[in-house]
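Residue-level listing of the chains:
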Amino acid sequence: MLTVISRVFQFGWKNFTRNGLLTTTTVAIVTLSLLVFLGLILFNVLMSSTVATLEDKIDITVSFKTITPEDEVLNIKRSLETLNEVKEVKYTSQAEALEIFKERHAGDEAIIQALRELGDNPLEASLNVKANKTDQYAQIAAYFENPVLGRYISNVSYAENQVVIDRLNSIISNINRGGFLATLVLILIAGLVVFNTIRLAIYASRDEIGIMRAVGASNSFVRGPFVVQGIVSGIVSAIFSIFIALPSVYSVSPYISQAIPEVSLFHYFLTNIHLLFIYLLLAGVIVSGLSSFVAVRRYLHG
Amino acid sequence: MIAFQNVYKIYNGSSVALEDASFQINLGEFVSLVGKSGAGKSTAISLLIGEERPTRGRIFFGQFEVNKLKDRDLPYFRRHIGVIFQDFRLLSNKTAKENVAFALEASGRPQKEIEDLVPQVLDMVGLGDKLSNFPDELSGGEKQRVAIARAMVHRPEVIIADEPTGNLDPFHTWEIISLLQKINQLGTTIILATHDKDVINSLGKRVITLDHGRVIRDEENGRYILV
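Residues numbered from 1 in each chain as written. Chains lettered and ligands numbered in written order. Predicted model: local features only at pLDDT ≥ 70, side-chain atom pairs only at ≥ 80, totals over all residues.

Asks: I tried to follow the overall build of chain A on my own but got confused; where do I start?
Replies: Along chain A, the regular secondary structure elements total 12 helices and four strands. A compact globule built from 302 residues should have a C-alpha radius of gyration of about 19 Å, whereas chain A, at 31 Å, is more than 25% larger. The dimensions of chain A, computed from C-alpha atoms along their principal axes, are 105 × 40 × 35 Å. By the burial criterion, 29% of the 302 residues in chain A qualify as buried. Of the contacts formed within chain A by residues at least 6 apart in sequence, a portion of 86% connects residues at least 24 apart. (Helix = DSSP H or I, 4+ residues; strand = E, 2+ residues; numbered from the N terminus. Rg over C-alpha atoms; globule rule 2.2 N^0.38 Å. Buried ≥ 20, exposed ≤ 12 C-beta atoms within 10 Å, placed from the backbone. Contact = placed C-beta atoms within 7 Å.)

Below you can see the structure in the form of structure tokens.
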């Protein structure tokens, strides 16, 4: 059994090294398909970062009337934090609000003078609430419709920003859905291209398959080397892909950072290069090996 | 023992390739299957090695009933036979030595045995100096000798040769025929399908003549006679 397995691997390797043109064509196509696959992974990283940036821009600010005792605001904060939909609540006291206001208008002497003349702090304390998911803001906003809280609240920003939040929600869900569909379609196309290339390569060997069977080779002994050849093509293509991708991502990354400053694609690529290589290796080996396995099957009769 | 019992092969319901063919071949015989092109020689061989199935009738090879063999069992059955084809059917990306070794490797023989046996057999067919040549680097006669070496290397009970000299000049034709005769003298049954009159007449062995798919003559020490 061990002898047979060793022969299958030897033959697969010899087929790979001796079928120059067919091997080159197959490796080129599998490499291109793996680059598409890698491109999709990186595209999804970009999309996730974009979505995260957009999501980060959404929040609800609840302002409290100046008469509201600080303890009451902190109670509301604690009770908000118990809600499942709430990710984070940030409290800004009246004093902090005043400091921020002063910093923002530091150069505007008229406003600073007016504040001084007022004596009391006219700014309101506020709670800044972030939800776990962007579609949960409506539920959080509903929480403040409680008449008991109404006594203290002067304004909830959700009502003003509802249209923008809804639009962002719709953009985010469209990006997610579109990205998923595009990924699925492109992976399918890349897989079919690889399958057809390998099918053609094996079609060219159909006579040889007949000869092997005529001299007494079992189906697994005929099929094995083709599957090994496919697996080797997958491994070599994965290595080529990662080496082609490295300089490509390096040269594209600055342009992407200009558009989305939060993302450094090259940094992501470098820090995840092992994982990305494993993905490419698995995709290459599985698609090429499986394609060979399926493609040989039709010639294993008679 | 090989036996065809009332075998029919009809393509597309109407094209009769073999009709009620019955004959028996015993171990150690040298039998020629003769007939014009389309007489049914290649069909008979195709049925015997299980490449095709008869429309009707039974074909026996030793303990095997060939017409009942499943696809997955055919390779194991074929290890009892050596086949030589007109178009050589060598594996183009393997050397002469690897082509011959393949038949042994496929049946799981140990590497040591293969390393010893293959050069000997190639030497026997006069190709001891061409072990590392690929088929593209060999002449027609040399390719056919590699095919013979491959057919005989696993010491099959029967060697079936389907028009083995069809693509060869007269000199190489006689070279191949005398090789087959030598193999037969060593005890292997030979079934030779051919339409080469000179070859048949000089062999002086049993001749089964086919015409339009029917066995019309079966003679010991036969000659090439077509109606």
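Still to come is the rest of the account.
Asks: Would you explain the sheet that holds strand S4 (residues 56-61) of chain B in this entry?
Replies: Sheet strands pair via backbone hydrogen bonds, and the direction of the pair is either parallel or antiparallel. Residue and element names in this part refer to chain B. Ordered by their spatial adjacency, four strands build an open sheet running S2-S1-S4-S5, and the pairing between neighbours is antiparallel. The open sheet terminates on both sides in strands that have one partner only, identified here as strand S2 (15-25) and strand S5 (64-65). Inspection of the sheet shows S4 paired to S5 by two bridges, in the antiparallel sense. Its bridge partner being in S5, Phe61 is matched across the sheet by Phe64. (Pairing = 2+ DSSP bridges.)

Asks: What is the right way to read the pairing of strand S9 (residues 206-211) of chain B from this model?
Replies: Regular strands place side chains that alternate from one sheet face to the opposite one. All names here are of chain B. Alignment of strand S3 (residues 30-34) against S9, held across four bridges, turns out to be parallel. Paired with Val31 across the strands is Arg206, a residue of S9. Relative to strand S10 (residues 214-219), S9 runs antiparallel, the two sharing five bridges. The residue bridging Thr209 from the neighbouring strand is Arg217, located in S10. Here S9 folds back onto S10, and the loop between the two strands holds two residues, one of which, His212, carries a positive phi near 50°.

Asks: Help me understand the confidence of the model for chain B in this model?
Replies: Predicted coordinates in areas of low pLDDT are best not read in detail. Overall, the prediction assigns chain B a mean pLDDT of 91, with 99% of residues at 70 or greater. Among the scores for the predicted complex, ipTM is 0.82 and pTM is 0.75. (pLDDT = per-residue confidence, 0-100.)

Asks: Can you help me understand the domain arrangement of chain A in this one?
Replies: It is common to report an interface's size as the accessible area lost on association of the parts. Entries for chain A in the domain assignment read domain 1 (2-54 + 170-297) and domain 2 (66-151). Placing the centre of domain 1 of chain A and that of domain 2 of chain A at their C-alpha centroids yields a distance of 53 Å. (Domains from an automatic or database assignment.)

Asks: Would you mind showing me how to read helix H4 (residues 111-124) of chain B here?
Replies: Residues and elements named next belong to chain B. In this model H4 runs 20 Å from its N-terminal to its C-terminal C-alpha over 14 residues, within 8% of the 20 Å that 1.5 Å per residue would give. Where H4 is concerned, the buried positions are Val118, Val121 and Leu122. Next to the buried residues of H4 lie helix H3 (96-106) and helix H5 (140-152). Note on H4: the residue one or two positions beyond its end, Gly126, has a positive phi of about 85°. (Expected span 1.5 Å × (residues − 1).)

Asks: Explain the interface of chain A and chain B to me, please; I cannot follow it from the model alone.
Replies: At the junction of the two partners, chain A supplies 19 residues and chain B supplies 21 residues. Every element with two or more residues in the side of chain A that touches chain B is listed here: helix H1 (2-18), helix H9 (206-214) and helix H10 (219-259) of chain A. The class makeup of the residues in the side of chain A that touches chain B is seven nonpolar, eight polar and four charged. (Nonpolar A, V, L, I, M, F, W, Y, C, P; charged D, E, K, R; others polar.)

Asks: What is the right way to read the packing of H3(B) against H5(B) from this model?
Replies: The description of two helices packed together rests on the angle between their axes and the distance between the axes. Residue and element names in this part refer to chain B. Interhelical geometry of H3 versus H5 gives an angle of 25° and a closest axis separation of 8 Å. It follows from the interaxial angle that H3 and H5 lie roughly parallel. The chirality of how H3 crosses H5 is right-handed. Residue-level contacts link Ala96, Asn99, Val100 and Ala103 of H3 to Val146, Ala149 and Arg150 of H5. Here the residues of the contact of H3 with H5 are counted per class, giving five nonpolar, one polar and one charged. (Axes fitted to C-alpha atoms, helices over the stretch in contact; angles between N-to-C directions. Parallel < 35°, antiparallel > 145°, perpendicular 65-115°, else oblique. Left-handed = near helix turned anticlockwise from the far one by under 90°.)

Asks: Help me out: how do you make sense of the pairing of S4(B) in this one?
Replies: Residues and elements named next belong to chain B. Bridging between strand S1 (residues 2-11) and S4 involves five bridges; their strand directions are antiparallel. Bridge pairing in S4 places Phe4 opposite Ile59. In this antiparallel pair of consecutive strands, S4 and S5, the connection spans two residues, and Gly62 shows a positive phi of 55°.

Asks: Which parts of the structure should I look at to understand the sheet that holds S3(B)?
Replies: Residues and elements named next belong to chain B. As summarised here, the arrangement of the six strands in space is S6-S7-S8-S3-S9-S10, forming an open sheet in which the pairing is mixed. The open sheet terminates on both sides in strands that have one partner only, identified here as strand S6 (81-85) and S10. Looking at each pair of strands side by side, their axes are set apart by 15° on average, direction ignored. Where H5 meets the sheet, it contacts S6 and strand S7 (158-162), and its direction lies at approximately 165° from that of S6.

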